[in-house]
Amino acid sequence: MAQKQPTRKQMLDWVNMVSFAVTEANLYLDTHPKDPAALSYFQEYSRLRNQALRDFASLYGPLTVDTARTNQQMWEWVNEPWPWEGGAC
C-alpha cells in the first residue's frame, strides 16, 4: 500500500522541530565544543533539517533561499506566497 504524502502543515512542523533541535545543539556546542555526543547529535539533526527543507521545497516551494531553484530561466523565489499571503515563514 502506498504511503500517504504528508500535508504542508505536517512537513512544516517537522522542519520546525528539526530546526529547533539544530539551534539548541548549536547553542550547547558554543559552551561545550568538545562534547562528542552533542556534536554527533548536531550533525544528525543538521542532516535531517537539510533533507526536510529540500523535501518541503520540492512539494510546496522553498522556505529558505538556499533551497530555491536556481537552474531555471527565471528567479522563482518571488513567485511563492509571502508570509502575509499564507506562505510559510
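Scroll up for the structure.
What you are looking at is a predicted structure, and each value in this text was computed from that prediction instead of being measured.

Chemist: Any chance you could explain helix H1 (residues 8-31) here in plain terms?
Modeler: The periodicity of an α-helix, 3.6 residues per turn, causes residues three or four places apart in sequence to face the same way. Taking 1.5 Å as the rise per residue, H1 with 24 residues should run 34 Å; its terminal C-alpha atoms sit 35 Å apart, in good agreement. Within the sequence span of H1, burial applies to Met11, Leu12, Val15, Val18, Ser19, Ala21, Val22, Ala25 and Leu29. The elements touched by buried residues of H1 are helix H2 (36-60).

Chemist: Help me understand the packing of aromatic side chains, please; the structure alone is not making it clear to me.
Modeler: Geometry of an aromatic ring pair is reported as the spacing of the ring centres plus the angle between the planes. Inspection of the entire model under this criterion finds two aromatic pairs. An angle of 45 degrees between the planes, with centres 5.3 Å apart, marks the rings of phenylalanine 56 and tyrosine 60 as tilted. Of this pair, phenylalanine 56 and tyrosine 60 are both found in helix H2, four residues apart, which corresponds to roughly one turn of the helix. A residue is classified by how much of its surface remains accessible, and phenylalanine 56, at 1% relative accessible area, is buried.

Chemist: Sorry if this is basic, but what is going on with the pattern of salt bridges here?
Modeler: When their charged atoms lie close together, side chains carrying opposite charge are able to pair. Considering all chains together, one arrives at two salt bridges under this definition. In this structure, lysine 9 engages aspartate 13 in a salt bridge whose closest nitrogen and oxygen atoms are separated by 2.8 Å. Separated by four residues within a single helix, lysine 9 and aspartate 13 lie in helix H1, roughly one turn from each other. You can call aspartate 13 partly exposed: its relative accessible area is 31%. For glutamate 44, the salt bridge identified is with arginine 47, shortest N-O distance 2.7 Å.

Analysis parameters
Residues numbered from 1 in each chain as written. Predicted model: local features only at pLDDT ≥ 70, side-chain atom pairs only at ≥ 80, totals over all residues. Heavy atoms only, no water. Helix = DSSP H or I, 4+ residues; strand = E, 2+ residues; numbered from the N terminus. Expected span 1.5 Å × (residues − 1). Buried < 20%, exposed > 50% of the residue type's maximum accessible area, 1.4 Å probe, protein only. Contact = heavy atoms within 4.5 Å. Phe/Tyr/Trp six-rings, centres within 6.5 Å; stacked < 30°, edge-to-face > 60°. Salt bridge = Lys/Arg side-chain N within 4 Å of Asp/Glu carboxyl O.

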